[in-house]
Amino acid sequence: MIEPSPFVAQCGTNYVPTDDEITQIETLIQKPTLQLEQLETRMEAMRSMLKQLELEHEVLLCAIQRYRALLSPMRRIPVDILQEIFIYCVPSEHNASMCAVEAPVLLTQICSSWRQIALRTPRLWATIHITIPPKIESSNSYPDAEYLLMANHLSELRLAAVHKWLRRTGASPLFISLVDWETSPTHRHDSKLSNRFIDCVVAYSAKWKEISIAASISTTNRITHLSASEVPLLESLKIKCGRMRGTVTTNSKNHVWMNSGLLRAPHLTEVAFTHLNEDITQFPINWSQITRLWLDGNPTERNGWITISKVTRLMKACHSLTSCRFEVDQREIVGDDAEPGIISLPFLDTLSLYVAVDISGMLGQLNLPVLRKIEYHTSHHRNPSLLSLLSRTTSNVQCLVIDVRSFTPNDLLKCLLCCSFLRSMRFQPYGAGAVADPTARIDDSLLRRMITGDATNDCLLPRLEEFECRTAVAFSDSSLLDCILSNQGGGAMGKTVLKHVSVFFNRPRKIDILPEITPHIIAGLKLKLEYAPRSIDDPLSLKRGIGNASVNKWTPWSD
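Below is a summary of the structure that appears in this document.

The rules behind each value
- Residues numbered from 1 in each chain as written.
- Predicted model: local features only at pLDDT ≥ 70, side-chain atom pairs only at ≥ 80, totals over all residues.
- Heavy atoms only, no water.
- Patch = residues over 30% accessible without salt bridge, like charges linked within 9 Å, V, L, I, M, F, W, Y side chains within 5 Å.
- Areas by Shrake-Rupley, 256 points an atom, 1.4 Å probe, with all protein chains shown as cover.
- Salt bridge = Lys/Arg side-chain N within 4 Å of Asp/Glu carboxyl O.
- Helix = DSSP H or I, 4+ residues; strand = E, 2+ residues; numbered from the N terminus.
- Axes fitted to C-alpha atoms, helices over the stretch in contact; angles between N-to-C directions.
- Parallel < 35°, antiparallel > 145°, perpendicular 65-115°, else oblique.
- Contact = heavy atoms within 4.5 Å.
- Nonpolar A, V, L, I, M, F, W, Y, C, P; charged D, E, K, R; others polar.
- Left-handed = near helix turned anticlockwise from the far one by under 90°.
- Core = buried A, V, L, I, M, F, W, Y, C linked by side-chain atoms within 4.5 Å.
- Buried < 20%, exposed > 50% of the residue type's maximum accessible area, 1.4 Å probe, protein only.
- Phe/Tyr/Trp six-rings, centres within 6.5 Å; stacked < 30°, edge-to-face > 60°.
- Lys NZ or Arg CZ within 6 Å of the ring centre and 35° of its normal.
- Pairing = 2+ DSSP bridges.

**Let's talk about a nonpolar patch on the surface**
- On the surface, Met49, Leu50 and Leu53 cluster together to form a nonpolar patch covering roughly 310 Å² of accessible area.
- Residue placement: Leu53 occurs in helix 1 (residues 19-70).

The following block contains the structure:
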């Protein structure tokens, strides 16, 4: 310690000592400086000792851990149980991609034992999502020549990987999705490469349980030669063709699907066709056993249009439907009216409609006793169809999905007044944008009326548990906060408490509402707020298109 001195008051100040004072100060700190040097010497010695002890500790710990590893409970798990655990690691929301960071590929990189177990587990490889790299890249992320080389090289590697993958499946039923989109509509499609992938998949058709292909018409047509006996396990078939550009054509002689034995698969219960150029109602499908149906027409081929009369014929034939989606084409055909008679669908739970004409007449024929979910989008706002449907099914419907830009404020309010039993309200974008004039928006006032009610109006949706708004958001962060806080205290007043809220703001965040909502999140509220636009997929990604052709995400009936 430094002895007391007359310079204590000057320490920590800007005081400048004289020459005599400098001598006094140097004398004063001479002994403490020596003590400091001695302490540093002792500290260095102790550091050296500690370093030696740490080294000895590390050597001893490594030796012990090698033996402790032998005692790991994982080593004693029977192989059959470990295989079941592996299977639960495979993605459930989509078919497994060939990414190294996801099961099942990830499981082959842990240790040699796990690798061998994974490779000997056929069910682990029973799902696969295949994406063929496009030959033209539109995002300008790569130079053209460099990109083409990478795309060709990746295509060969992926094709070899698909062969190996499918050989591991044993006798397991297969769930396959394949995406082959060219990013440039003017680019000539590389059919030879696509055919090699398709031929690889077709070789295992006897084990297909679910197959979905999103590609050009020429590519998807390549599986039509299969007969019913070659797809004995097939339950789900989804075909999504690229939307063709050009003038409308008629009387197409291309009837490959109409004559396909594949559609006679004995266990086929789920079909989805998008942008085909044939009359789907003429397909040789056992419509009476179809439970899930998705149909989008081809706007450039008259035979491929989905019209009111086609929809009514199919609904009458598909009396076992539980979920369906129809896109009624915007082109009205003279004399194309709904066939007369009541259409009873006793099992229909989900109805998705994308329309451009008035279909209220057809909807008036429907008897839907268990309908619970309606998804409705239109490109023409002078359309009473949705209100007609809601007024007849209001007590059963629990989920409504619409794009408010298709409605005037008055029409939207009329629809919401019929929805007091709703538990899920989802405002989702569809198509190019607004078609109504004026266009409805979800502003502060309407948000309050839907969720909490206001001073003059009762709550429109008193049983609401899920609220999602991803379009026409015109309410403020503070209004959303007020509605959530008010709703979370509404249980005592007989109102249902929100369990899930998801909002996409097409603007920067103005205030952070999370701190005040955090207690409710801890209590169970699921909240998702987005402010930034979505990013575009890398064209070389192994997951490219997985949202379009996966088992669940490509269908309107998955929640």
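**Description of the packing of helix 11 (residues 444-451) against helix 12 (residues 477-488)**
- Between helix 11 and helix 12, whose axes approach to 10 Å, the crossing angle comes to 10°. As judged from the angle between their axes, helix 11 and helix 12 are roughly parallel. Residue-level contacts link Asp444, Leu447, Arg448 and Ile451 of helix 11 to Ser479, Leu480, Cys483 and Asn487 of helix 12.
- When the residues that make up the contact of helix 11 with helix 12 are grouped by side-chain class, the tally is 4 nonpolar, 2 polar and 2 charged.

**Details of the packing of helix 12 against helix 13 (residues 514-522)**
- Running from N to C, helix 12 and helix 13 point in directions that differ by 30°, and their axes come no closer than 10 Å. Judged on the interaxial angle alone, helix 13 and helix 12 are roughly parallel. For the pair helix 12 and helix 13, the sense of crossing is left-handed. Residues Leu481, Ile484, Leu485 and Gln488 of helix 12 touch helix 13, and the partners they reach there are Glu516, Ile517 and His520.
- Its residues assigned to classes, the contact of helix 12 with helix 13 comprises 4 nonpolar, 2 polar and 1 charged.

**A closer look at the nonpolar core**
- Counting residues in hydrophobic clusters, the biggest one holds 122 residues, and the most contacted among them are Ile223, Leu237, Phe273 and Phe467.
- With 6 residues, the single largest contributor to this core is helix 5 (residues 191-202).
- Among residues more than four places away in sequence, those in contact with Phe273 are Leu237, Ile239, Trp257, Leu263, Ile280, Phe283, Ile285, Trp294, Leu295 and Asp296.

**What to know about the packing of aromatic side chains**
- Applying the stated criterion to the full structure yields 9 aromatic pairs.
- The cationic tip of Arg168 hangs over the ring face of Trp125; the distance from NZ or CZ to the ring centre is 4.5 Å.
- Here Arg325 stacks its cationic end above the ring of Tyr354, 3.6 Å away from the centre of that ring.

**Digging into the pairing of strand 16 (residues 526-530)**
- Relative to strand 16, strand 15 (residues 500-504) runs parallel, the two sharing 5 bridges. If you follow Val501 over to strand 16, its bridge partner there is Leu527.

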